[in-house]
Amino acid sequence: MAHDLAFGIDIGGSGIKGAPVDLDTGEFAADRLRIPTPAESTPEAVAQVLAELVSSFDLPKKAPLGVAFPAPMDHGVVRFIANLDQSWKGVNLPELLHETTGRQVTAVNDADAAGIGEQRYGAAKGKDGTVLVVTLGTGIGSALIVDGVLVPNTELGHLEIDGFDAESRAADSAREREGLDFPAWADRLQRYFETVEMLLSPDLIVVGGGVSKKHAEFLPLLNLRATIIPAELRNAAGIVGAAAMADTEASKGRKRKH
Ligand code: BGC
């Protein structure tokens, strides 16, 4: 660990949230701040909100900045985006945010960040084998961690199942949009997770996203071979994981310089 503190930001479809993270404990070092995502979620508008958020905290100059973003990150470049403005395509996120914040930025997929958060500090801590962290929110995010190593950008929310983009049927936003009760939504989750299980045979599935606080309503209804448990960091996982990943990047950079 290179720093004691890093700043994590989670960019979502409805809110942009950030907090300084104590990297020893994985806890917030100050209260989290949330600013609603601008209705027109263009790169310029989001970058402005993010700069405002970062400047509201009194951060050490060298604290690394980790940003969790709801798209696969191809070495910092957004190639595909489902749930924010389409003008993000082709944008280099660390470059854009470096311009607006003046800080070094590490940008990672939001579900990968949540996965690393759970692995370092939460429900997947100390778990070997194939661990899959799935976030249920506006979309479905996935983080695949094999014997402690993240396989980034797996995008399992966009599997095509029964002719549908999986997240359009099984994300938490689909439950809300269609007014599904938990048993009806659990049927969709069952179909989703059994497909994922057929493809990857995970040993452990950790379910995150805001709705995971209501896990008692739907996890017991699922019948899978893998152990399936709720996330421990819940909605904080993206912020915490992004901060931890920024610290890892910063220490790699430091080693390269020596
Ligand atoms: C995106 C993923 C993201 C997930 C959760 C999906 O639509 O393609 O990159 O992890 O939503 O935000």
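Residues numbered from 1 in each chain as written. Predicted model: local features only at pLDDT ≥ 70, side-chain atom pairs only at ≥ 80, totals over all residues. Heavy atoms only, no water.

J.: Tell me about the packing of aromatic side chains, residues and numbers included.
T.: A full pass over the atoms with the stated rule returns 6 aromatic pairs. Ring geometry for Tyr-192 against Phe-193: centres 5.4 Å apart, planes inclined by 65°, an arrangement best described as edge-to-face. The residues Tyr-192 and Phe-193 share a single accessibility class, namely buried. Of the aromatic side chains, those joined through ring pairs into one cluster are Phe-182, Trp-185 and Phe-218. Residue placement shows Arg-169 over the ring face of Phe-164; its charged tip is 4.5 Å from the ring centre. In this structure, Arg-175 packs its charged tip against the face of Trp-185, placed 5.6 Å from the ring centre. (Phe/Tyr/Trp six-rings, centres within 6.5 Å; stacked < 30°, edge-to-face > 60°. Buried < 20%, exposed > 50% of the residue type's maximum accessible area, 1.4 Å probe, protein only. Lys NZ or Arg CZ within 6 Å of the ring centre and 35° of its normal.)

J.: Lay out unusual backbone geometry in plain terms, naming residues and giving numbers.
T.: Its identity is not glycine, yet Glu-155 carries a phi of approximately 55°, on the positive side. Summarising the element assignment, Glu-155 is placed in the loop between β11 (149-151) and β12 (160-161). Positive phi values are uncommon outside glycine, yet Ser-201 reaches one of about 45°. Mapped onto the elements of the fold, Ser-201 is located in the loop between α6 (182-200) and β14 (204-208). Judged by relative accessible area, Ser-201 falls into the partly exposed class, the value being 43%. (Helix = DSSP H or I, 4+ residues; strand = E, 2+ residues; numbered from the N terminus.)

J.: Any details on the environment of Val-206? Residues and values, ideally.
T.: Residue placement: Val-206 occurs in strand β14. In this structure Val-206 comes out as buried when scored by relative accessible area, which is 0%. For Val-206 and Val-134, which are 72 residues apart along the polypeptide, the C-alpha to C-alpha distance reads 6.2 Å. Contacts of Val-206, omitting those with residues within four sequence positions, involve Glu-118, Ala-123, Ala-124, Val-131, Leu-132, Val-133, Val-134, Ile-229, Pro-230 and Ala-231. (Contact = heavy atoms within 4.5 Å.)

J.: I'd like to hear about the environment of Ile-81, residue by residue, with values.
T.: With respect to the element layout, Ile-81 can be found in the loop between β7 (77-78) and α2 (93-101). Spatially, the C-alpha atom of Ile-81 lies 30 Å from that of Leu-224, the residues being 143 residues apart in sequence. Those residues in contact with Ile-81 that sit more than four places away from it in its chain are Phe-69, Pro-70, Ala-71, Gln-86, Trp-88 and Lys-89.

J.: Can you lay out the pairing of strand β1 (residues 5-11) for me, pointing to particular residues and giving the numbers?
T.: Look at any regular strand and the pattern is simple: side chains alternate between the two faces of the sheet. Counted residue by residue, β1 has 6 buried out of 7 residues, so it is predominantly covered. Bridging between β1 and strand β2 (residues 15-22) involves 7 bridges; their strand directions are antiparallel. Bridging from a neighbouring strand, Phe-7 pairs with Pro-20 of β2. Two strands pair when backbone bridges link them, and β1 and strand β5 (residues 65-69) are joined in this way by 4 bridges, in the parallel orientation. Paired with Ile-9 across the two strands is Val-67, which belongs to β5. (Pairing = 2+ DSSP bridges.)

J.: Pulling in residues and values, what's your account of the layout of surface pockets?
T.: Looking at the largest pocket, its volume works out to about 870 Å³. Only β1, β2, α3 (110-121), β9 (130-136), β10 (140-146), α5 (172-177) and α7 (237-257) provide two or more residues apiece to the lining of the largest pocket. Broken down by class, the residue content of the lining of the largest pocket amounts to 15 nonpolar, 19 polar and 13 charged. Mapped onto the domain boundaries, the lining of the largest pocket takes at least three residues apiece from domain 1 (5-110) and domain 2 (123-231). (1 Å grid on protein atoms, 1.4 Å probe; cavity = no way out; pocket = protein on both sides within 12 Å on 5 of 7 lines; lining within 4 Å. Points joined across faces, edges and corners; volume = space filled by probe spheres on them. Nonpolar A, V, L, I, M, F, W, Y, C, P; charged D, E, K, R; others polar. Domains from an automatic or database assignment.)

J.: Explain the domain arrangement of the protein to me, and be specific about the residues and the numbers.
T.: Under the domain assignment used here, the protein contains domain 1 (5-110) and domain 2 (123-231). If you average the C-alpha positions of domain 1 and of domain 2, the two centres end up 24 Å apart. Between domain 1 and domain 2 lies a buried interface of about 560 Å² when both sides are counted; carbon and sulfur atoms form 44% of it. A per-residue breakdown of the area domain 1 buries against domain 2 is headed by Pro-72, Asn-83 and Asn-109, which together make up 54% of the total. Inspection of the region where domain 1 meets domain 2 yields 0 salt bridges. Where domain 1 meets domain 2, there are 2 residue pairs in polar contact (both at pLDDT 80 or more). Of the residues that constitute the side of domain 1 that touches domain 2, the class distribution is 5 nonpolar, 2 polar and no charged. (Buried area = accessible area lost by both parts, 1.4 Å probe. Salt bridge = Lys/Arg side-chain N within 4 Å of Asp/Glu carboxyl O. Polar contact = N/O pair within 3.5 Å; in protein donor to acceptor, adjacent residues only side chain to side chain.)

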